[in-house]
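Structural description and commentary
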2 protein chains.
Amino acid sequence: METERDRALDESLELIMDLLSEKKYVQAREELLEFNAVDIAELLEEILDELGLEKVIVLYRILPKDLSVDVFSYLSVDTQVDIITGITDKEMHFIMDELPFDDMIDVLEELPANVVDKILARATKEERKQINAFLNYPENSAGSLMTPDYISLRRDMTVAEALASIRTVALDSETIYTCYVKDAGRKLLGVVSLRSLVVAKEDQLVEDLMTEDFVSIGVTDDQEVASEQFKRYGFLAIPVVDKEDRLVGIITVDDILDVIEEETEEDFQKMAGVMTDDSTREYLDTGVFRHVWSRLPWLFVLMLSYVVTGSIIAGFQDMLSSVICLVTYMPMLMGTGGNSGSQAATLVIRGLATGDIELSDALRVLWKELRVSTIIGLALCLINFARIYFLDSNGLLVALTVSVSMLAVVVVAKCIGGMLPMLAKLLKIDPALMASPFISSLTDLVSTVTYFAMASLILGI
Amino acid sequence: METERDRALDESLELIMDLLSEKKYVQAREELLEFNAVDIAELLEEILDELGLEKVIVLYRILPKDLSVDVFSYLSVDTQVDIITGITDKEMHFIMDELPFDDMIDVLEELPANVVDKILARATKEERKQINAFLNYPENSAGSLMTPDYISLRRDMTVAEALASIRTVALDSETIYTCYVKDAGRKLLGVVSLRSLVVAKEDQLVEDLMTEDFVSIGVTDDQEVASEQFKRYGFLAIPVVDKEDRLVGIITVDDILDVIEEETEEDFQKMAGVMTDDSTREYLDTGVFRHVWSRLPWLFVLMLSYVVTGSIIAGFQDMLSSVICLVTYMPMLMGTGGNSGSQAATLVIRGLATGDIELSDALRVLWKELRVSTIIGLALCLINFARIYFLDSNGLLVALTVSVSMLAVVVVAKCIGGMLPMLAKLLKIDPALMASPFISSLTDLVSTVTYFAMASLILGI
């Protein structure tokens, strides 16, 4: 939805691009500085698309130093890498030093090895060790999302001491609103919010304020586990621990918003039969061949199922030529079967994804789909019987064949649609793959067999 | 994904249910108190499903008072209403008094009128006015999400004064991490974070620390606008203002996580052709007739498109009976057309939803789909020609008809799939409705026409 801010951004974008084309860089900079870091980053991305990297780097270089790091952290990784490789080493080191740790790791992961070496060469041995540990966490793991810049407190600190300690490191911490209490062995003992510290008396002890019943996640847990916990508990940050329960980092809610969006996109794409290695890539920025590559394989695999459907039809050619009007109703039966199955599949896939449905609910799902599909099937059966018998005048037997097939197809399609995602989950395949294209290809096959079986039975051919 | 905590919850749930069946309420309570409020709420919901409301109310009543309100705020609205109507007035008033304002409004919206009257009767005139204002914000508006319990500061306060003021109201505020500076006319002047207050010197002035370039949203803006801003800027809270720029409330990030989940569910359901008035209702908790009602209308409407497809086929009956093997390839063409169209439609729908694609990109989308579909279409065209000519031995002309139709169908389906969501957006219809069921019903029609046109052309019949 377009907001006033979007319109203001669009207007300024045009003005800035005009100024850049006329090489009026200082004026362009002034215009840019009307906005905050997030908006400036967005404007730079648009300018990159329209005018190319060179103009962006000129503009980026004349931003105030501190703001430039902030802006950098909001750019897409592709643009970050472009800028890093387009500026001087000195400028690069300034950015990398000032960037929040988790953002720095994200950039390092994408930079060419020689640039990474250059950056690591300047770090202390201790820093290098930590950076390498973070670079090695598997993609999409909690470890790859977390930052080590959290606030540590000791349990025997008073509130006054804790607040003093927070003040000294506040600027370098990802968040100061949740603080972590560790023992000498770095084991996480408790969590205390800044809120309770601010409210408490100055001489109270941290250990009396901290919650020991905190929720943490493992460093190798999938990022989805992290986002589930955030949704469930409404956290601002979650601690990440290693196998020995030692605190290694924290994940903050702003990073989780990005993860949720990424996971949602992934689910949508899987459910549409689009395979991609990078769900954050934008549609228009993705090349034609990459689009082909992400779509062709599924189309091809699903086409194979139609080879089977086709050969079943071929087996019934004689029957079809003797009652050719049966062909007229094939698309309707297949289409309605596919749509019915997709509805059930989508609801069950989402239920599994959000945890509302578990594997142990299989029988309840089946029972529900059976009842729902019988009612829907009967309704569509009656409507079609009336239409075919009275309007199409194709005779009682054809009307009966089509309408009874409709009932059977809807019931079978909905039960398949409900069960297949659960079967996928049982086999540890992603249930999202069982959505529309897959289900409708399968139900097309089932619809064809059902239809011809009914026709043989009722028409006696 | 199941975590250790889930397993611990499952084990305790069984133990608690056994204890409840044996009427060992005190022991059940002890077991329950091992968990935090979110988990207890979840356990109560499960107990409600298994053992019914009565046991839940007994258990709920013997929880410690303060915890009971916390637990209440995490229950589903249905369960909240059940509990409110099952306890005494005194207990009810305690809960309503202690509940955060936004949660109280959510419960009030669902309670029967006589219970609402009973609650409002105890409120002061000022409170009643505010409650009524909140009850009147349209569903899914920013106003319906916000809470008036935020921290207000004056611009001429010192940091010490501000912190003292925060301390006095901290317990009743939704968040203390973002504070709001208003003038005498309640107009929002700036936003200041607790972080900057904690770091600043005691005698600094609030006005020197506050950001005046804050982002706010309007009270009647859709909740989607709010979630967009949260994703974009990584906020912890956002101020909500009325038409005169007066601060009326704030929305916090934990509530936005719920909104994002709700909006995602809504999109998934729309894209699967399921209509529902309440996307937060869980699959298993939804009654059979409600399921029927949410699915039957779309199935029926889409079925109508197949009446057209069917009548086109009827017009070509003679041609089909003379070359009956053409029928064999109909499902493959229709299915592949539907799948191709769905892929394009889903990508464009998501692009429109996330703002990556705008209406002005229509020609770029069309151009991209044209190129992508031509490559995919050519690949599938060649494969099918080879298969039909060499394996099925149905002759050169049939092979040519099917394979050329395949190319045409893929190209047309992908262009329709790419364009229809954009047309919907232009007409202010939700693009999500243009997903799989709709697109595949339409492409089935297009595939049929294309196929028969090719057949007439190539086979000369």
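What you are looking at is a predicted structure, and each value in this text was computed from that prediction instead of being measured.

On a plain count of helices and strands, chain A comes out with 22 helices and six strands. Taken along its principal axes, the extent of the C-alpha atoms in chain A is 90 × 65 × 40 Å. Going through the 461 residues of chain A one by one, you find that 54% of them count as buried. When the accessible surface of chain A is totalled, it reaches about 19900 Å², and 55% of it is carbon and sulfur. If the 38 positive side-chain charges of chain A are averaged to one point and the 75 negative ones to another, these points end up 4 Å apart.

For the rest of this paragraph, the subject is unusual backbone geometry. All names here are of chain A. One non-glycine residue with positive phi stands out, namely Asp-245, at about 65°. Looking at the element boundaries, Asp-245 is found in the loop between strand E5 (237–241) and strand E6 (247–252). Relative accessible area serves as the criterion here: at 38%, Asp-245 is assigned to the partly exposed category.

Here we come to the packing of helix H19 (residues 325–354) of chain A against helix H21 (residues 396–426) of chain A. All names here are of chain A. Interaxial distance between H19 and H21 falls to 8 Å at its minimum, and their mutual angle equals 25°. It follows from the interaxial angle that H19 and H21 lie roughly parallel. You can see that H19 and H21 cross each other, and the crossing is right-handed. Taken together, the residues that form the contact of H19 with H21 break down as 18 nonpolar, nine polar and two charged.

The next point concerns the nonpolar core. Ranked by internal contacts, the top residues of the largest apolar core, which has 132 residues, are Met96(A), Leu111(A), Ile251(A), Met96(B), Leu111(B) and Ile251(B). Beyond its immediate chain neighbours, meaning those up to four positions away, Leu111(B) contacts Val81(B), Ile84(B), Met96(B), Val116(B) and Ile119(B). Counting 62 residues, the second largest nonpolar core, distinct from the first, contains Ala399(A), Ile324(B), Val327(B) and Ala399(B).

Residue and element names in this part refer to chain A. Taken in spatial order, the three strands of this open sheet run E4-E5-E6, and their pairing is mixed. One side of each edge strand has no neighbouring strand; the edge strands of this open sheet are strand E4 (217–218) and E6. In terms of strand pairing, E4 meets E5 through two bridges, oriented parallel. The residue bridging Ile-217 from the neighbouring strand is Val-240, located in E5.

Another aspect to go through is the interface of chain A and chain B. Contacts between the two partners involve 119 residues from chain A, matched on the other side by 120 residues from chain B. Interface area, chain A with chain B, both sides summed: about 10700 Å², of which 67% is carbon and sulfur. Applying the counting rule to chain A against chain B returns ten salt bridges. One salt bridge in this structure joins Asp39(A) and Arg232(B), with 3.4 Å as the shortest N-O distance. For the pair chain A and chain B, the number of links is 33 residue pairs in polar contact (both at pLDDT 80 or more).

Residue and element names in this part refer to chain A. Going through the model one piece at a time under the given rule, you end up with 24 aromatic pairs over all chains. Judged by centre distance (5.6 Å) and plane angle (85°), the rings of Phe-134 and Tyr-137 are edge-to-face. Among the aromatic residues, ring-to-ring pairing joins Phe-101, Phe-134 and Tyr-137 into one connected group. One cation-aromatic arrangement involves Lys-65 over Phe-94; the distance from NZ or CZ to the ring centre is 4.3 Å.

When chain A is fitted to chain B, the best match, at an RMSD of 0.2 Å, comes from turning it 180° and sliding it 0.1 Å along the axis. In symmetry terms, the pair is related by a two-fold rotation axis. Residues of chain A ranked by C-alpha distance from the rotation axis are headed by Ser321(A), positioned 2.9 Å from it. When the interface residues of chain A are mapped onto chain B, 100% of them again lie at the interface, so the same face is used by both copies.

Our next topic: the sheet that holds strand E2 (residues 178–182) of chain A. Residues and elements named next belong to chain A. Spatial strand order, E1-E2-E3: three strands in an open sheet with mixed pairing. Two strands in the sheet have a free side with no partner beyond their single neighbour: strand E1 (151–153) and strand E3 (188–193). For this sheet, the mean inter-axis angle between neighbouring strands, taken without regard to orientation, is 35°. Pairing analysis gives five bridges linking E2 to E3, with the strands arranged antiparallel. By the bridge assignment for E3, Tyr-180 is matched with Val-191. Where helix H12 (residues 159–169) meets the sheet, its contacts fall on E1 and E2, and the angle it forms with E1 comes to roughly 155°.

So, on to the side chain of Gln223(A). Residue and element names in this part refer to chain A. Along the chain, Gln-223 falls in helix H15 (residues 223–233). Looking at Gln-223, the relative accessible area reads 3%, which means it is buried. A polar side-chain atom of Gln-223 sits 2.9 Å from a polar atom in the side chain of Glu-263. Non-local contacts of Gln-223, meaning those with residues more than four positions away in its chain, are made with Asn-140, Ser-141, Ala-142, Leu-145, Val-259, Glu-262 and Glu-263.

Before going further, it helps to examine the pattern of salt bridges. Taken as a whole and judged by the stated rule, the model has 40 salt bridges over all chains. Arg122(A) is paired through a salt bridge with Asp97(A); the nearest N and O atoms lie 2.8 Å apart. On the criterion of sequence distance, the pair formed by Arg122(A) in helix H9 (residues 113–122) and Asp97(A) in helix H7 (residues 89–98) is long-range, its members being 25 residues apart. The pair formed by Arg122(A) and Asp97(A) is uniform in burial state, with each residue classed as exposed. Residues Arg350(B) and Glu265(A) are paired through a salt bridge, measuring 2.7 Å at the closest nitrogen-oxygen approach.

Moving on to the packing of H19(A) against helix H20 (residues 362–391) of chain A. Residues and elements named next belong to chain A. Between H19 and H20, the least distance of the axes is 12 Å, while the angle of their chain directions is 155°. As far as their axial angle goes, H20 and H19 are roughly antiparallel. At the point where H19 passes H20, the crossing takes the right-handed sense. Together, Tyr-329, Met-332, Thr-336, Ala-344 and Val-348 of H19 and Val-365, Glu-369, Leu-380, Asn-384, Arg-387 and Ile-388 of H20 make up the contact between the two elements.

A separate point is the pairing of strand E2 (residues 178–182) of chain B. All names here are of chain B. The buried fraction of E2 is high, at five of five residues. Burial along E2 is two-sided: Thr-178, Tyr-180 and Lys-182 and Cys-179 and Val-181, pointing in opposite directions, are all buried. Pairing of strand E1 (residues 151–153) with E2, which is carried by three bridges, proceeds in the parallel orientation. Bridged to Ser-152 within E2 is Tyr-180. Handedness of the crossover joining E1 and E2 through helix H12 (residues 159–169) is recorded here as right-handed. The hairpin formed by E2 and strand E3 (residues 188–193) contains five residues between the paired strands, and Arg-186 there has a positive phi angle of roughly 65°.

It is worth spelling out helix H5 (residues 65–74) of chain A at this point. Of all the residues in H5(A), the buried ones are Ser68(A), Val69(A), Val71(A), Phe72(A) and Ser73(A). Buried residues along H5(A) sit in contact with helix H3 (37–51), helix H4 (53–61), helix H6 (77–86), H7 and helix H8 (101–110) of chain A.

Time to look at the confidence of the model for chain A. Per-chain confidence: chain A averages 88 in pLDDT, with 98% of residues scoring 70 or above. For this predicted complex, the interface confidence score (ipTM) comes to 0.77, while the overall pTM stands at 0.79.

Attention shifts here to a nonpolar patch on the surface. On the surface, a cluster of nonpolar side chains totalling about 440 Å² of accessible area is made up of Leu359(A), Leu423(A), Leu426(A), Leu427(A) and Ile429(A). Mapped onto the elements, Leu427(A) comes out in the loop between H21 and helix H22 (436–459).

Rules behind the numbers
The residue numbers shown here count from 1 along each chain, following its written sequence. Going through the entries in the order they are written, you letter the chains from A and number the ligands from 1. Only residues with pLDDT of at least 70 get local features here, since the model is predicted, and only at 80 or more are side-chain atom pairs given and counted; chain-wide, interface and lining totals rely on the full set of residues. Heavy atoms throughout the structure, all of them, feed into the side-chain values; hydrogens and water do not. Helical segments are the DSSP runs of H or I of at least four residues, strand segments are the runs of E of at least two, and each set is numbered from the N terminus. Burial status follows relative accessibility: with a 1.4 Å probe on protein chains alone, a residue under 20% of its type maximum counts as buried, one over 50% as exposed, and anything between as partly exposed. Per-residue and other accessible areas were derived by the Shrake-Rupley procedure at a 1.4 Å probe size, with only the shown protein chains allowed to occlude residues. Only four residue types enter the tally: Lys and Arg on the positive side, Asp and Glu on the negative side, with His and both chain ends excluded. To locate a charge, take atom NZ for lysine, CZ for arginine, CG for aspartate or CD for glutamate. All axes here are fitted lines through C-alpha atoms, helices being fitted over the stretch that makes contact, and every angle between N-to-C directions spans 0 to 180 degrees. Angles are sorted into four bins: roughly parallel if under 35 degrees, roughly antiparallel if over 145, roughly perpendicular if 65 to 115, and oblique for all others. Each crossing gets its hand from how the near helix is turned against the far one by less than a right angle, where anticlockwise is left-handed and clockwise is right-handed. Three classes are used: nonpolar for Ala, Val, Leu, Ile, Met, Phe, Trp, Tyr, Cys and Pro, charged for Asp, Glu, Lys and Arg, and polar for all others, with Gly counted as polar. We call a set of buried Ala, Val, Leu, Ile, Met, Phe, Trp, Tyr and Cys residues a nonpolar core when their side-chain atoms join them within 4.5 Å. The contact definition used throughout considers only heavy atoms, calling two residues in contact when any of these lie within 4.5 Å. The criterion for strand pairing is that DSSP finds at least two bridges linking the strands in question. Note on definitions: buried area is the accessible-area loss of two parts on being combined, 1.4 Å probe, summed for both. Every case where a carboxyl oxygen of Asp or Glu lies within 4 Å of a side-chain nitrogen of Lys or Arg is listed as a salt bridge. Here a polar contact is taken to be a pair of N or O atoms separated by no more than 3.5 Å, where protein atoms must pair a possible hydrogen donor with a possible acceptor and residues adjacent in sequence count only if both atoms sit in side chains. Aromatic pairing here means that ring centres of Phe, Tyr or Trp (its six-membered ring) are within 6.5 Å. Orientation follows from the plane angle: under 30 degrees is stacked, over 60 is edge-to-face, and everything else is tilted. When the NZ atom of lysine or the CZ atom of arginine is within 6 Å of a ring's centre and also within 35 degrees of its normal, the charge is said to sit over that ring. We superpose the copies by least squares over the C-alpha atoms of residues that have a pLDDT of at least 70 in both of them. A clockwise course of the path from the first strand over the helix to the second, judged with the strands pointing away from the viewer, identifies a crossover as right-handed. The pLDDT value tells you how sure the predictor is about a given residue, anywhere from 0 up to 100. Only residues whose relative accessible area exceeds 30% and that take part in no salt bridge are eligible for patches, with like-charged residues grouped when within 9 Å of each other and nonpolar side chains (Val, Leu, Ile, Met, Phe, Trp, Tyr) grouped when within 5 Å.

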